[in-house]
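Residue-level structure breakdown
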Amino acid sequence: MGSQHRSYYWRPPRNIEEFLKLHNLDHWPGQIIFRDKDKWAYILRKIKEDSSFNSIYTHLWENVPRRYSAIMIMESRLEECSILLKNHASKILEWEKVVSTKGILGKLEKYEAFLKKHPKKKMIMLSDEMQTRNIEGCNFAGFKTTELTKLPRYLDAERIYLFILKVHNFDEKVEKLWKTYFLSEASIALLHDSFWWWFLHKFKPDKENQDFLFDRISESYVTLFLNIPLSKKDAFFQVYPDCLTQAIYVTFQEAFPESSNLFNDKFKEDLGNNIYLWLSGMKPQKGFWTQWNLKELSTTTIHGSKKAPAKSEYDRILKSQERIMNR
């Protein structure tokens, strides 16, 4: 430590003057000279293109997981559970051959006798909306800007769309892709608002609410249109107007089974003309609905079960009288 040499410690410049002096500059920033102007122009143009809305949206669409993947996983898991359940049930049936059932039957007989001796009455109270099975008994609840008006009898728009896709019998890969767009928020809103607009237009006119609904229908369509990738737009919007028309038709059939006679050929024709004009600006070919799987649409519910035969007017009157007498 006897050395007399002084150590030198570097410190960063504290102001612009010291910075300029340190780097032997007269001013800052210095002028940048591009040797290859065409190359830099290309790079700048590429950066601009890559940062555009369409480029960013396309990248996110292709790389970010979407909600439908969770639905696919759930469907796959349900199929696995269904197989496990069938295997388990088959084993139980096989055990019945081995295990004596005398003791079990005796207990069941005692339990049945107990239930007969002490019956328990159950009353299921349905809301007015659930009981409404015809057009006359249904009214529009009114337009709300912050939420969609529920479909009658608590029908689910997603379930209706899935039923339509199944009836259409698309290719499996196409159906999986289309399902994402059909179940989007904009598409769900289109079904809700279009159904109620047509309900008011056809059966219970209300110009003010129809105007509100139409404005939101327009907004939802624009949103849906912008959310479909450019490469898929033409193919999707060739089938969407027809599928939306079918979805609205099925909603009327499911919501008002006692008014099914009103949903005749003219009803389908008028409905389709209206939806096609809204979404494509052109009417469909006359009788377009004859290409629908009408047998499936008219005999199967959206849940896959068979519909009960339509009741006659006489049967409905008898049921109404019976309901009144039991009050």
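Anything mentioned here points back to the structure above.
The model shown is predicted, which means the values in this text are computed figures rather than measured ones. (Residues numbered from 1 in each chain as written. Predicted model: local features only at pLDDT ≥ 70, side-chain atom pairs only at ≥ 80, totals over all residues. Heavy atoms only, no water.)

**A look at the packing of aromatic side chains**
- Taken as a whole, this structure holds 33 aromatic pairs when the rule is applied.
- Taking the centre distance of 6.3 Å and the plane angle of 75° together, the rings of Trp198 and Phe267 count as edge-to-face. Separated by 69 residues along the polypeptide, Trp198 in helix H9 (residues 185–202) and Phe267 in helix H12 (residues 265–280) bring together distant segments of the chain.
- Taking relative accessible area as the criterion, Phe267 reaches 1% and is therefore assigned buried.
- An angle of 50° between the planes, with centres 6.1 Å apart, marks the rings of Phe252 and Phe256 as tilted. (Phe/Tyr/Trp six-rings, centres within 6.5 Å; stacked < 30°, edge-to-face > 60°. Helix = DSSP H or I, 4+ residues; strand = E, 2+ residues; numbered from the N terminus. Buried < 20%, exposed > 50% of the residue type's maximum accessible area, 1.4 Å probe, protein only.)

**Quick notes on a nonpolar patch on the surface**
- Together, Trp40, Tyr42, Ile43, Leu44 and Ile47 make up a nonpolar patch on the protein surface, roughly 510 Å² of accessible area in all.
- Mapped onto the fold, Leu44 is located in helix H2 (residues 37–50).
- Judged by relative accessible area, which is 57%, Leu44 ranks as exposed. (Patch = residues over 30% accessible without salt bridge, like charges linked within 9 Å, V, L, I, M, F, W, Y side chains within 5 Å. Areas by Shrake-Rupley, 256 points an atom, 1.4 Å probe, with all protein chains shown as cover. Salt bridge = Lys/Arg side-chain N within 4 Å of Asp/Glu carboxyl O.)

**Some remarks on the nonpolar core**
- Grouped together as the largest cluster of nonpolar side chains are 54 residues, with contacts concentrated most on Tyr161, Phe236, Tyr240, Phe252 and Phe256.
- Elements that contribute at least two residues to this core include exactly helix H7 (157–168), helix H8 (172–182), H9, helix H10 (207–227), helix H11 (230–255) and H12.
- The biggest single contributor to this core is H11, with twelve residues.
- In this structure, Tyr161 is in contact with Phe182, Leu183, Ser187, Ile188, Leu191, Tyr240, Leu244 and Ala247, ignoring residues within four places of it in sequence. (Core = buried A, V, L, I, M, F, W, Y, C linked by side-chain atoms within 4.5 Å. Contact = heavy atoms within 4.5 Å.)

**So, H11**
- Helix length check: H11 (26 residues) gives 36 Å between terminal C-alpha atoms against 38 Å at 1.5 Å per residue, within 8%.
- The largest bend along H11 reaches roughly 40° and is located at Phe236.
- Of all 26 residues in H11, 20 are buried, a share of seventy percent or more. (Expected span 1.5 Å × (residues − 1). Bend = angle between axes of the 7 residues up to and from the residue.)

**Thoughts on the packing of H9 against H11**
- Taken N-terminus to C-terminus, the directions of H9 and H11 make an angle of 55°; their axes are 10 Å apart at the nearest point. It follows that H9 is oblique to H11 by the angle criterion. Crossing of H9 against H11: the hand is right-handed. Facing Ser187, Leu190, Leu191, Ser194, Phe195, Trp198 and Phe199 of H9, the residues of H11 in contact are Tyr240, Leu244, Ala247, Ile248, Thr251 and Phe252.
- Its residues placed into classes, the contact of H9 with H11 shows ten nonpolar, three polar and no charged. (Axes fitted to C-alpha atoms, helices over the stretch in contact; angles between N-to-C directions. Parallel < 35°, antiparallel > 145°, perpendicular 65-115°, else oblique. Left-handed = near helix turned anticlockwise from the far one by under 90°. Nonpolar A, V, L, I, M, F, W, Y, C, P; charged D, E, K, R; others polar.)

**Structural notes on H10**
- End to end, H10 covers 30 Å across 21 residues, agreeing with the expected 30 Å (1.5 Å per residue, within 8%).
- In this structure, the buried side of H10 is in contact with H8, H9, H11 and H12.

**So, the packing of H9 against H10**
- For the pair H9 and H10, interaxial distance at closest approach is 9 Å and the crossing angle is 155°. Judged by the angle between their axes, H9 and H10 are roughly antiparallel. Taken as a pair, H9 and H10 cross one another with a handedness that is left-handed. Of the residues in H10, those in contact with Ala186, Ser187, Ala189, Leu190, Asp193, Ser194, Trp196, Trp197, Leu200 and His201 of H9 are Asn209, Gln210, Leu213, Phe214, Arg216, Ile217, Ser220, Tyr221, Thr223 and Leu224.
- In terms of residue class, the contact of H9 with H10 is made up of eleven nonpolar, seven polar and two charged.

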